[in-house]
Amino acid sequence: LGLPAVLTWGCSWLPLLPKRNVELYIVVGDPLPLPKIEHPTKEDVHKWHEKYITALTKLHENHKEKAYGSSAAKTMKLEVW
């Protein structure tokens, strides 16, 4: 579908809506063109996963100061799990 997978957890009565009392920053980066590989090897998956994580980390680094403030942004690291 071409839509990014974003999961929010907010209100207890409707968890897909974000909480009202917090700021929510949504940042969309450049698309990462992926080749269609009929039978990908583990190396293919690793290669493209690394490219995705690199792009995600760059996006986080470029926008973390706005979300966390300048002092907190200095030590803030992206967690991917």
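Up top you'll find the structure we're talking about.
Residues numbered from 1 in each chain as written. Predicted model: local features only at pLDDT ≥ 70, side-chain atom pairs only at ≥ 80, totals over all residues. Heavy atoms only, no water.

## Quick look at the pattern of salt bridges
We count it as follows: Note on definitions: salt bridges are taken to be side-chain nitrogens of Lys or Arg within 4 Å of carboxyl oxygens of Asp or Glu. Exposure is judged per residue with a 1.4 Å probe applied to protein chains only, and the accessible area is read against the type maximum: over 50% gives exposed, under 20% gives buried, and values in between give partly exposed. Helical segments are the DSSP runs of H or I of at least four residues, strand segments are the runs of E of at least two, and each set is numbered from the N terminus.
Using the criterion set out here, one finds 2 salt bridges in the structure. As a salt-bridge pair, Lys 36 and Glu 38 come within 3.9 Å of each other at their nearest N and O atoms. Assigned by exposure class, Lys 36 and Glu 38 land together as exposed. Of the charged contacts, one joins Lys 64 and Glu 61 as a salt bridge, the two residues approaching to 3.0 Å between their closest N and O atoms. Here Lys 64 pairs with Glu 61, and both are found in helix H1 (residues 42-68), just 3 residues apart, close to one helical turn. We classify Lys 64 as buried; its relative accessible area is 10%. On the accessibility criterion, Glu 61 (37% relative accessible area) is partly exposed.

## A word on the side chain of His 60
The test is simple: We call two residues contacting when some pair of their heavy atoms lies within 4.5 Å.
Relative to the helices and strands, His 60 is located in helix H1. Residues in contact with His 60, not counting those within four places in the same chain, are Tyr 68, Met 76, Lys 77 and Leu 78.

## Description of the environment of Lys 77
Looking at the element boundaries, Lys 77 is found in the segment after helix H2 (70-73). Once the C-alpha coordinates of Lys 77 and Lys 64 are considered, the two residues, 13 residues apart in sequence, prove to be 9.0 Å apart.

Honestly, it's all geometry; don't read function into it.
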